[in-house]
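Observations on the model geometry
So the chains spell out like this:
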Amino acid sequence: MVDTSLYAAFLVAAFALCVTPGPDMMFIVAMGGRGGPSAGVTAAVGVACAMFVHAVAAALGLSALFLTLPVLYHVLRWAGAAYLLYLAVKAFRGGSAPVETDGAAGAGRRWAFWRGAVTNLLNPKVILFNVSFLPQFVDPGLGHVREQFLLLGVTITVMGLVVDGSVGLLSGKLATLLRRSRRVARGLDLFSGTVFAGLAVRLAATPK
């Protein structure tokens, strides 16, 4: 169903992309810093689930709508930027994240998962990435084009989850240790808010 040489090249390219620090990784670091290890890992799971949704959309041809209807791109871009700014304000205000140490682990995981998923889903650049990147490793001559898309999508999703989950776990463990100091805890909130605000500005200011 797949060209083995193309798939091998995809594995190398996907790994390079996954280990290169980017907006998703910075977001997960910030989430781990606010909510602890489980929040960091769960945020990575949310991002991974959203990435798989993007891959399915690309396989079905839905993502191509952004190439023919630019207004959809800009609507989603501004919605994503607004959501990130909302998270930034919550972080700057402090005390809004359900952290592991306050007995709200379940709420913290749900909080982290949905924010990771929504932030990624509202990023139109991820959609365009799937439209431009994945087709390079699909061989229409082999048939089963949709299945090839899905295989590539599952592969990069799992790979990204392993890398981002590790980053979220480490950042969360470090943050849990540091949060024993109120001053450091406040600094982590400010750091998270700055990351969210920076990602919002980056998303809003960078044209298609």
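The tendency in soluble globular proteins is for nonpolar side chains to be buried as a group. The biggest cluster of nonpolar side chains holds 23 residues, and the ones touching the most others in it are Phe27, Met31, Leu84, Ala112 and Phe196. Ranked by the residues each element gives to this core, the list is headed by helix 9 (residues 182-205), at six residues. Residues contacting Leu84, with those up to four places away along its chain left out, are Phe27, Thr119, Phe196, Leu199, Ala200 and Leu203. In terms of nonpolar packing, the next biggest core, distinct from the first, is built from 16 residues, Ala14, Leu134, Phe137 and Val138 among them.

Turning our attention to the confidence of the model for the protein chain. Looking at the protein chain, pLDDT values average 80 and 85% of them are 70 or higher. Summarising per-element confidence for the protein chain, the mean pLDDT is lowest in helix 4 (residues 65-68) (66) and highest in helix 3 (residues 37-60) (90). Note on residues 99-103: pLDDT under 50 across the span, and nine contacts to partners over four residues away in sequence or across chains.

Its 16 residues give helix 1 (residues 4-19) an end-to-end C-alpha distance of 23 Å, which sits within 8% of 22 Å, the value for a rise of 1.5 Å per residue. Where helix 1 is concerned, the buried positions are Phe10, Ala14 and Cys18. One face of helix 1 carries all of its buried residues, which in axial projection span an arc of 60 degrees. Exposed residues lying more than 90 degrees from the buried face of helix 1 are Ser5 and Val12.

The rules behind each value
Residues numbered from 1 in each chain as written. Predicted model: local features only at pLDDT ≥ 70, side-chain atom pairs only at ≥ 80, totals over all residues. Heavy atoms only, no water. Core = buried A, V, L, I, M, F, W, Y, C linked by side-chain atoms within 4.5 Å. Buried < 20%, exposed > 50% of the residue type's maximum accessible area, 1.4 Å probe, protein only. Helix = DSSP H or I, 4+ residues; strand = E, 2+ residues; numbered from the N terminus. Contact = heavy atoms within 4.5 Å. pLDDT = per-residue confidence, 0-100. Expected span 1.5 Å × (residues − 1). Arc of directions from axis to C-beta.

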